[in-house]
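A look at the structure
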Amino acid sequence: MAPRQAAGGTRRGTGTAALVSAARGARKHAHAHFSGFKVGAALETEDGTVITGCNIENASYGLTVCAERVAMFKALSEGHRRFRRIAVVADTQEPTPPCGACRQILWEYGGDIEVVLANLRRTAGSYRMAALLPLPFDRALL
Ligand code: THU
């Protein structure tokens, strides 16, 4: 079923193919002037809303924010609190997994969500956050 477009560029009722497609679309907005490495992400909330993100680089390199964190921060700032999955897309042969900083943020706010990895042609695999971030430092320790 084709996803319905909702206000603010979000979509509802999304299957894996549509989620990956949303991440591919978001990747086109990437600001990757320095690395040339464009990434897109699409985060699905528990109610089926999809919120996208792309990486945003800066001349002060350390200020760069990855696509996954942009998507999560957009979602949180719009009031979303429960998440199911995130799709991550880059133009690489092998899938690009979230970096360490993104894993920490995804775990903090998404918990053990599914992470779908894809490139421009295929969906390469699916992982749980608990497998990508074993022995996490989180609020349970504070
Ligand atoms: N990047 C992401 O956006 N997500 C990832 O999962 C890996 C890395 C970005 C950060 C930077 O703009 C570029 O890719 C190269 O590291």
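Use the structure listed above.
Heads up: these notes are all about the structure in this document. (Residues numbered from 1 in each chain as written. Predicted model: local features only at pLDDT ≥ 70, side-chain atom pairs only at ≥ 80, totals over all residues. Heavy atoms only, no water.)

In this section: the packing of helix α2 (residues 67-77) against helix α3 (residues 100-110). For the pair α2 and α3, interaxial distance at closest approach is 9 Å and the crossing angle is 25°. Put simply, α2 runs roughly parallel to α3. Crossing geometry of α2 relative to α3 is assigned as left-handed. The segment α2 lies against α3, with Glu 68, Arg 69, Met 72, Phe 73 and Leu 76 engaging Ala 101, Cys 102, Ile 105, Leu 106, Tyr 109 and Gly 110. Looking at the contact of α2 with α3 residue by residue, the class counts come to 8 nonpolar, 1 polar and 2 charged. (Axes fitted to C-alpha atoms, helices over the stretch in contact; angles between N-to-C directions. Helix = DSSP H or I, 4+ residues; strand = E, 2+ residues; numbered from the N terminus. Parallel < 35°, antiparallel > 145°, perpendicular 65-115°, else oblique. Left-handed = near helix turned anticlockwise from the far one by under 90°. Contact = heavy atoms within 4.5 Å. Nonpolar A, V, L, I, M, F, W, Y, C, P; charged D, E, K, R; others polar.)

Attention now moves to a nonpolar patch on the surface. Taken together, the side chains of Phe 137, Leu 141 and Leu 142 define a hydrophobic patch exposed on the protein surface, amounting to about 400 Å² of accessible area. Mapped onto the fold, Phe 137 is located in the segment after α4 (129-132). (Patch = residues over 30% accessible without salt bridge, like charges linked within 9 Å, V, L, I, M, F, W, Y side chains within 5 Å. Areas by Shrake-Rupley, 256 points an atom, 1.4 Å probe, with all protein chains shown as cover. Salt bridge = Lys/Arg side-chain N within 4 Å of Asp/Glu carboxyl O.)

Let's shift gears to unusual backbone geometry. Here the phi dihedral of Leu 135 falls at roughly 50°; this positive angle occurs in a residue that is not glycine. Summarising the element assignment, Leu 135 is placed in the segment after α4. What makes Leu 135 exposed here is its relative accessible area of 86%. (Buried < 20%, exposed > 50% of the residue type's maximum accessible area, 1.4 Å probe, protein only.)

This part covers the nonpolar core. Core analysis: the largest hydrophobic core is formed by 21 residues, its most contacted members being Leu 43, Met 72, Phe 83, Ile 86, Ile 113, Val 115 and Met 129. At the level of elements, β3 (39-45), α2, β5 (83-90), α3, β6 (114-118) and α4 are the ones that each hand at least two residues to this core. Per-element tally for this core: the top contributor is α2, with 5 residues. Beyond its immediate chain neighbours, meaning those up to four positions away, Leu 43 contacts Thr 49, Val 50, Ile 51, Ala 71, Met 72, Ala 75, Phe 83, Arg 85, Ile 86 and Ile 113. (Core = buried A, V, L, I, M, F, W, Y, C linked by side-chain atoms within 4.5 Å.)

Moving on, we get to helix α1 (residues 16-27). Owing to its 3.6 residues per turn, the α-helix aligns residues three or four sequence positions apart on the same side. For α1, built from 12 residues, the straight-helix expectation of 16 Å at 1.5 Å per residue is met to within 8% by its first-to-last C-alpha distance of 17 Å. Inspection of α1 places Ala 18, Leu 19, Val 20, Ala 22, Ala 23, Ala 26 and Arg 27 among the buried residues, and these make up the whole buried set. (Expected span 1.5 Å × (residues − 1).)

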